[in-house]
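Topology and contacts: notes
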Amino acid sequence: MERRELVYLLKQNPLTPLAIIMFAVLVFAALFGSVISPHDPFASNTADALQAPSLTYWFGTDQLGRDIFSRVLVGAQTDLGIALAAVLLAAAVGTFLGATAGFYGGRTDATIGRFTDIVMAFPLFVLAMAIVAALGNSVINVVYASAIINMPFYVRVVRSEVAVLRGAGFVEAARLSGNRNPRILWLHIMPSVMPPLVVQMSLNMGWSMLNAASLSFIGLGIRPPSPEWGIMVADGAQYIISGQWWVAFFPGLALTLAVLCFNLLGDGLRDIIDPRQRK
Amino acid sequence: MNTRIFSTIGSRLLGALPSLAAVIVVTFVIMRLLPGDPAAFFAGPAASAEAVEQIREQLGLNRSLPVQFWDYLGDLAQGDFGQSFTTGQPVAADLVSRLPASLELTIVALLIAVVLGLPLGVLSATRPNSWVDQVTRLVTTTGTCLPTFFTGLVLIYVFYYLLGWSPAPLGRLDLMYSPPPEVTGFYTIDAVLAGDWEVFRSALAQLILPAVTLGFFALAPLARMTRAGLLGVLSSDYVRTARACGLSSRVVLTRYALKNTLVPILNTMGMVFSYLLGINVLVEKVFAWPGVGSYALEALVASDYAPVQGFVLAIAVLYVLLNLSVDIACGLVDRRLAR
Amino acid sequence: MNDEKPLFEVTDLSVKFHTRLGEVAVLDHIHLNVGAGETVAVVGESGSGKSVMAFAALGILDPAGKVTSGSVRFADHDLLTLRKAALDDLRGRELAMIFQAPRTALNPILPVGRQIEDVLARHSDLSRSDRRDAAVAQLASVKITDPAKRYHNFPYELSGGMCQRVMIAIALACKPRLLIADEPTTGLDVTTQVVIMDLIAELAAANGMATLLITHDLGLASDYCARIAVMHAGQILESASARTLFKSPRHPYTARLFAATPRPGATLESLTSIPGQLPDLRQPQPPCRFSTRCERVQPGCTEPGLVLTPMPTDSAHLLACRNPL
């Protein structure tokens, strides 16, 4: 890409640098949150319960007197971790299924298509709820449930890209020079599928975070006292009507900003990587 | 032409059958996977091993899976979704009594989203980079990243706690009033039918915040898709043709551009409705709204799985029917899709 | 008809496109005119800006494109400064256009007959039922068989050639004085091409309508048009009657174009290609944009002030070249 093209893109989408900064902050909090947090995120101190934001407690304290700023900071790791695990799992399995379906076509394609249709036949959040309920209420099952409901999107993106590329000239050339099918698929076709896949993944991260936090908001997955943004909002919900807004507000804001960051990042990446999609 | 429409509807109905079958099979499998032994649960902690075994036999849990599946289908055919321990009622009856609350909320939310989202999308597509476009961009960007449960809490804090404009976020009606005589199950409509304006006002006041919460979430994808779809259509060859023929801006926008954007908009509406069916669970929890979502949630927390299963099935069936109507509507707008 | 004042006149028209890689000067001070009832062709390689000129004239330029100089006059109207309502009164009634890719140029979800009716509803006082009859008659006039039945068809149910007939029926519904035909036969098979071109020529002659044919096909242009303007990279390089141009092209590019056009009786070996490609218009251009591809280029070609001027021997033969053949 030429430099002036990059300049043009940044001018068109001035929020992308902002998203990059937010992303850096988020990753930093996830990696070092427990080291830099000013208070112990688990230490309750009933004397200081439900304190409004102050210089000591930047985001105030919750009903047990725990420092909300520290908990929000440490919670970044949980929220980011679950979403990342779910997206990676969904992308890995979805790519494999989509590539196989698109490349071999026929009955394989039909079977895999049927599988994605079944997942898509449910409202996705309800399906995630049902899966967590069925597999058991644990963090890893939240990851599995998120991965399952994200998977169809990857299958579809990869399938359609591969199905188009299957007939491309360079694939024919690779075939004529004696490459076998799996080699053609993974070494010759897949590199071209990566850009839309990466875009899809970054757009998917925000949605996965929302999803995981929503599940823990209704009591599935992470359990208290683990600092996780969804649970913290659920904890704070009862104090909203008595005016202690900060208990629910800051974790909710953190979640919103994190999702915003990934959405903006996804849009920016799409502009750079996948110009076909650009409006 | 009418026979064509009917054959379209017929083929779509047939096409929906596999989804329906899949939904039933998956809910059955999920129910089988549920942790714990329903027989032991039924028998209670003090029951002897024989008593548990007897209940297992009664429930048919010792039969082979295909037979159990067959029984399950038989139960479903009779409208038997099992029994809820928490309410002591048949799940089907609970769902029927609570579904109107969820539907009223979802439909009003969708209405809000459509009434605001479509004009926003149209205005921003016809005036790219104007201030309307910037507002739309802001609304769609924040709409997609605000968690609904968080939006709901913020609205409650501002409009109930700070301003005092809204009633307490507790259910569908102020405790002072009793529900209007049931006709549709939608309190607002039933109150109007009964001519009880006080109840109507109370029902509406209770409905506004949760509906706005849900509607704001649904607004973003609708406005975004309308804008993107319309922008695409406005730069199409046939809109250029219409302009080159001197057709008025209104005709170009409605007959040529908007009508061609209708298919993606309808599809997005279907998708948004399905989001809302899921997200309902969250909003119903925040606003103590007595719909099917909060019903399933209470049951889930109490490890009472028959209602959860009934809820998943009911919502999934609703979703299949919804997709069916979206498909049919799209086929009517664009005959190419009806073939 | 007034000889001094042609029906349609493009004067000094420049168009720039704003792209992510900067400004692109797509049209560079174009001059062109079409007299009443005259058939004129604009010929050039794809990407030379031929269609942009037509779009700019009709006010249907992509929003990224801006007219930076010049004017377009049709009859007594300056099309570029006309109010939108007045322009709409002209477009489709006095001044019509047909496009390449007829299938996508028609509204996919409206029966073709209704699309003709829309134009009639805009520009005539016919009643609803009269409009319907007129639409069917219009379909018949472009030699569509069974027009009453075809009236109800959607574009996807018709062949490409059939769609182009419908497009012509729409364009000619109000008997315009000028038809701009933008690559009307591109993408159609060869026999259909001839049929469509014959149809346009026949209807133009019958209605006394002027035609501006935009094409990359010099052969097609010389078969159907009295006068030809040769365009390259947003510049008109030469313009003359088809016969003059064919017999004695003066611009090296025109000669090259003829050499690259298959003709009856010519051998395949005699066909040559034009060296190089259209210049990258994002870069600053020399006064003659063909000079980078031209084998007759000489030092004077880079001097500014090159304009399209009449030949001393033939005032209808215009040329913009410092070292003509």
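Cut-offs and rules
- Residues numbered from 1 in each chain as written.
- Chains lettered and ligands numbered in written order.
- Predicted model: local features only at pLDDT ≥ 70, side-chain atom pairs only at ≥ 80, totals over all residues.
- Heavy atoms only, no water.
- Buried < 20%, exposed > 50% of the residue type's maximum accessible area, 1.4 Å probe, protein only.
- Helix = DSSP H or I, 4+ residues; strand = E, 2+ residues; numbered from the N terminus.
- Pairing = 2+ DSSP bridges.
- Domains from an automatic or database assignment.
- Contact = heavy atoms within 4.5 Å.
- Buried area = accessible area lost by both parts, 1.4 Å probe.
- Salt bridge = Lys/Arg side-chain N within 4 Å of Asp/Glu carboxyl O.
- Nonpolar A, V, L, I, M, F, W, Y, C, P; charged D, E, K, R; others polar.
- Axes fitted to C-alpha atoms, helices over the stretch in contact; angles between N-to-C directions.
- Parallel < 35°, antiparallel > 145°, perpendicular 65-115°, else oblique.
- Left-handed = near helix turned anticlockwise from the far one by under 90°.
- Phe/Tyr/Trp six-rings, centres within 6.5 Å; stacked < 30°, edge-to-face > 60°.
- Lys NZ or Arg CZ within 6 Å of the ring centre and 35° of its normal.

Our next topic: the pairing of strand S6 (residues 95-98) of chain C. Residues and elements named next belong to chain C. Going residue by residue along S6, you find Leu95 and Met97 tucked away on one face and Ala96 and Ile98 tucked away on the opposite face as well. The pairing of S6 with strand S7 (residues 178-182) spans 4 bridges and is classified as parallel. Along S7, the bridge assignment pairs Ile98 with Ala181.

Residue and element names in this part refer to chain C. For chain C, the domain assignment lists domain 1 (8-94 + 174-319) and domain 2 (106-173). On a C-alpha basis, the centroid separation for the pair domain 1 and domain 2 is 29 Å. Every contact between the two is made by 20 residues of domain 1 and, on the other side, 15 residues of domain 2. Taken over both partners, the interface formed by domain 1 and domain 2 buries close to 1,400 Å², and the fraction arising from carbon and sulfur atoms is 64%. Considering only the side of domain 1, the residues that lose the most area to domain 2 are Cys174, Leu199 and Leu203, jointly responsible for 34% of the buried surface there. Scanning the region where domain 1 abuts domain 2 turns up 2 salt bridges. With a closest N to O distance of 2.7 Å, Glu202 and Lys143 form a salt bridge. At 7 residues, the largest contribution of residues to the side of domain 1 that touches domain 2 is made by helix H8 (residues 190-207).

With that settled, the discussion passes to the side chain of His251 of chain C. Position of His251 of chain C relative to the elements: it lies in the loop between helix H10 (242-247) and helix H11 (252-259). The residues contacting His251 of chain C, other than those within four sequence positions of it, are Leu237, Glu238, Phe290, Leu319, Ala320, Cys321 and Leu325 of chain C.

Let us look at the interface of chain A and chain B. Chain A puts 37 residues into the contact, and the matching count from chain B is 41 residues. In this assembly, chain A packs against chain B so that about 3,500 Å² is buried in total across both faces, 82% of it on carbon and sulfur atoms. Three residues stand out in chain A for area buried against chain B, namely Phe122, Pro123 and Phe217 of chain A, and they jointly supply 16% of the buried area on that side. Along the contact surface separating chain A from chain B lie 0 salt bridges. For the side of chain A that touches chain B, the secondary-structure elements that each account for two or more residues are helix H4 (106-120), helix H5 (124-135), helix H8 (181-217), helix H9 (229-240) and helix H10 (246-273) of chain A. The class makeup of the residues in the side of chain A that touches chain B is 28 nonpolar, 6 polar and 3 charged.

Attention now goes to the packing of H4 of chain A against helix H6 (residues 139-165) of chain A. All names here are of chain A. Taken N-terminus to C-terminus, the directions of H4 and H6 make an angle of 140°; their axes are 9 Å apart at the nearest point. When the axes of H4 and H6 are compared, the pair comes out oblique. In the packing of H4 onto H6, the handedness of the crossing is left-handed. Along its contact with H4, which presents Asp109, Ile112, Phe115, Thr116, Asp117, Val119 and Met120, the element H6 presents Ile148, Ile149, Met151, Pro152, Phe153, Val155, Arg156 and Arg159. For the contact of H4 with H6, the per-class residue count stands at 10 nonpolar, 1 polar and 4 charged.

Moving on: the sheet that holds strand S9 (residues 227-232) of chain C. All names here are of chain C. Strand order across the open sheet formed by 8 strands is S6-S7-S8-S3-S9-S10-S12-S11, with mixed pairing between neighbours. At either end of the open sheet lies a strand with only one pairing partner, and these are S6 and strand S11 (309-310). This element, helix H7 (residues 160-171), spans S6 and S7 of the sheet and lies at about 170° to S6.

Counting across every chain of the model gives 25 aromatic pairs over all chains. Measuring from centroid to centroid gives 5.9 Å for Trp245 of chain A and Trp246 of chain A, while their planes differ by 85°, and the two rings are edge-to-face. Ring-pair connections join several aromatic residues into one group, and the members of that group are Trp58, Phe59, Phe69, Trp245, Trp246, Phe249 and Phe250 of chain A together with Phe150 of chain B. Here Lys285 of chain B stacks its cationic end above the ring of Phe217 of chain A, 5.4 Å away from the centre of that ring. One Lys or Arg, Arg132 of chain C, reaches over the ring of Tyr151 of chain C and ends 4.6 Å from the middle of that ring.

Residue and element names in this part refer to chain C. Spatial ordering of the open sheet is given by S2-S1-S4-S5, a layout of 4 strands whose pairing is antiparallel. Only two strands of the sheet have a single partner each, and these edge strands are strand S2 (22-34) and strand S5 (77-78). Two strands pair when backbone bridges link them, and strand S1 (residues 8-19) and strand S4 (residues 65-74) are joined in this way by 8 bridges, in the antiparallel orientation. Bridged to Phe8 within S4 is Phe74. With respect to the sheet, helix H1 (residues 50-58) is in contact with S1, S2 and S4, its orientation differing from that of S1 by roughly 105°.

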